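Below are the chains, spelled out letter by letter.
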Amino acid sequence: MAKVIAVINQKGGVGKTTTAHAIGAWLQIKKKQKILFIDLDQQGNLTYATNSSHSNYSSLQLLITGELEPSKIQHTNDGFSVIPSDPKLANIDMLLNETGKEYRLKEALEGLEDYDYVVIDTPPSVNVIMVNALTASHYAVIPAQADIFSLQGITQLGQSLDAIKRYTNKNLEVLGIILTRHNPRTILSRDLHEVIKQTASQLDTKVYPQVIRESIAVKEAQATRKDLFTYDAKSNASQDYNDLMQEIWKEIK
């Protein structure tokens, strides 16, 4: 059965899609694992980054039906398997209102044998989509920046994670917080790094020691719709994500 990893944060602009793309690409390229990307964010950034297209079969249909249709999964030229986003995910609360709606994704992914890992990019809000993602997941990671708004988002996310573990997925493991676009030279970043560490302990998790440095290669890779490791394996971001994934691999393999 495939292991499911959700990349989450209530705040946008923290490198969530970049991290989801890097996790899946690293597992497939470096460890030869079969990866399925699911883009649950209505903005569709992971759909774009993986060079997928909006199609008749999307993550919206997956949530509404609660059934996975393997024959309709997109396979990109770079060898990635993707269930793309749909702008209509913005209306999910009106479209998905039946009893048991929190379990649709979990039910769809149960018994999935064709992939080793499923990597989910989630919207920057706590709604029925986020609840579905966390209910279906074995692991979650939290990208964040060393700024006050990220700290606020992590604190708010903690309440949601507590509810998930209590009611829909007691086995969910929050692997850790990943500091992205990091500049350790600023006093504010250093101070907030320490505060985020304290917040992580309250969530019964950790801050990964490996931070992701600011790197122009991230934007360039996204513009060319390539993963970081294929676009520029020697960039700061590629090296940082590689070191980070060495640690995560020990935890999930």
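Located above this text is the structure these notes cover.
Residues numbered from 1 in each chain as written. Predicted model: local features only at pLDDT ≥ 70, side-chain atom pairs only at ≥ 80, totals over all residues. Heavy atoms only, no water.

Undergrad: Could you clarify how one ought to interpret the nonpolar core in this entry?
TA: If you look at soluble globular proteins, the nonpolar side chains tend to sit buried side by side. Ile23, Leu27, Ile248 and Ile252 are the most contacted members of the largest nonpolar core, which totals 33 residues. Among the elements that take part in this core, helix α11 (residues 236-252) stands out by supplying seven residues, more than any other. When residues no more than four places from it in sequence are discounted, the contact partners of Leu27 are Ile5, Lys32, Gln33, Ile35, Tyr117, Met245, Trp249 and Ile252. (Core = buried A, V, L, I, M, F, W, Y, C linked by side-chain atoms within 4.5 Å. Buried < 20%, exposed > 50% of the residue type's maximum accessible area, 1.4 Å probe, protein only. Helix = DSSP H or I, 4+ residues; strand = E, 2+ residues; numbered from the N terminus. Contact = heavy atoms within 4.5 Å.)

Undergrad: Honestly, a nonpolar patch on the surface in this entry has me stumped. Any pointers?
TA: A cluster of nonpolar side chains, Ile64, Met94 and Leu95, forms an exposed patch at the surface whose accessible area comes to about 290 Å². Looking at the element boundaries, Met94 is found in helix α4 (residues 92-95). (Patch = residues over 30% accessible without salt bridge, like charges linked within 9 Å, V, L, I, M, F, W, Y side chains within 5 Å. Areas by Shrake-Rupley, 256 points an atom, 1.4 Å probe, with all protein chains shown as cover. Salt bridge = Lys/Arg side-chain N within 4 Å of Asp/Glu carboxyl O.)

Undergrad: Could you clarify how one ought to interpret the packing of aromatic side chains in this entry?
TA: Centre-to-centre distance and the angle between the planes together describe a pair of aromatic rings. As enumerated under the stated definition, the model contains three aromatic pairs in all. Taking NZ or CZ as reference, Lys34 lies 5.4 Å from the ring centre of Tyr115, over its face. (Phe/Tyr/Trp six-rings, centres within 6.5 Å; stacked < 30°, edge-to-face > 60°. Lys NZ or Arg CZ within 6 Å of the ring centre and 35° of its normal.)

Undergrad: Honestly, the layout of surface pockets in this entry has me stumped. Any pointers?
TA: Taking a probe equal in size to a water molecule and rolling it over the atoms shows the remaining empty space. In this structure, the largest pocket encloses a volume near 480 Å³. What lines the largest pocket is a set of 25 residues, among which Gly15, Lys16, Thr18, Val218 and Gln222 lie closest to the centre. Within the residue set of the lining of the largest pocket, elements represented by two or more residues are α1 (16-31), α2 (45-49) and α9 (216-223). In terms of residue count, α1 provides more of the lining of the largest pocket than any other element does, four residues in total. Across the lining of the largest pocket, the residue classes tally to seven nonpolar, 11 polar and seven charged. (1 Å grid on protein atoms, 1.4 Å probe; cavity = no way out; pocket = protein on both sides within 12 Å on 5 of 7 lines; lining within 4 Å. Points joined across faces, edges and corners; volume = space filled by probe spheres on them. Nonpolar A, V, L, I, M, F, W, Y, C, P; charged D, E, K, R; others polar.)

Undergrad: Explain α11 to me, please; I cannot follow it from the model alone.
TA: For an α-helix the count is 3.6 residues per turn, leaving residues at separations of three or four pointing the same way. For α11, which comprises 17 residues, the first-to-last C-alpha distance of 24 Å matches the rise-based estimate of 24 Å (1.5 Å per residue) to within 8%. Of all the residues in α11, the buried ones are Ala237, Ser238, Asp240, Tyr241, Leu244, Met245, Ile248, Trp249 and Ile252. (Expected span 1.5 Å × (residues − 1).)

Undergrad: Explain the environment of Gln10 here, please?
TA: Summarising the element assignment, Gln10 is placed in the loop between β1 (3-7) and α1. Distance from Gln10 to Gln246, taken between C-alpha atoms, is 26 Å for residues 236 residues apart in sequence. In contact with Gln10, other than residues within four places in its own chain, are Pro124, Ser125, Val126, Gly153, Gln156, Leu157 and Ser160. Among the polar contacts made by the side chain of Gln10, one reaches the main-chain amide nitrogen of Leu157 at a distance of 3.0 Å. (Polar contact = N/O pair within 3.5 Å; in protein donor to acceptor, adjacent residues only side chain to side chain.)

Undergrad: How should the side chain of Thr50 be read in this particular structure?
TA: Within the secondary structure, Thr50 sits in the loop between α2 and α3 (59-65). Classification of Thr50 by relative accessible area gives buried; the value is 1%. In this structure the side chain of Thr50 is engaged in a polar contact, spanning 2.8 Å, whose partner is the backbone oxygen of Leu46. Among the polar contacts made by the side chain of Thr50, one reaches the side chain of Ser52 at a distance of 2.9 Å. Those residues within four positions of Thr50 in sequence are excluded, and the remaining contacts are His21, Phe37, Thr76 and Val82.

Undergrad: Looking at this structure, how should I read the packing of α1 against α11?
TA: To describe two helices that pack against each other, one gives the angle between their axes and the distance between the axes. α11 packs onto α1 with a crossing angle of 75° between their chain directions and a minimal axis gap of 10 Å. Relative to α11, the element α1 lies roughly perpendicular. Between α1, through Thr18, Thr19, Ala22, Ile23, Trp26, Leu27, Lys30 and Lys31, and α11, the contact on the second element is made entirely by Tyr241, Asn242, Met245, Gln246, Trp249 and Ile252. For the contact of α1 with α11, the class distribution of residues is eight nonpolar, four polar and two charged. (Axes fitted to C-alpha atoms, helices over the stretch in contact; angles between N-to-C directions. Parallel < 35°, antiparallel > 145°, perpendicular 65-115°, else oblique.)

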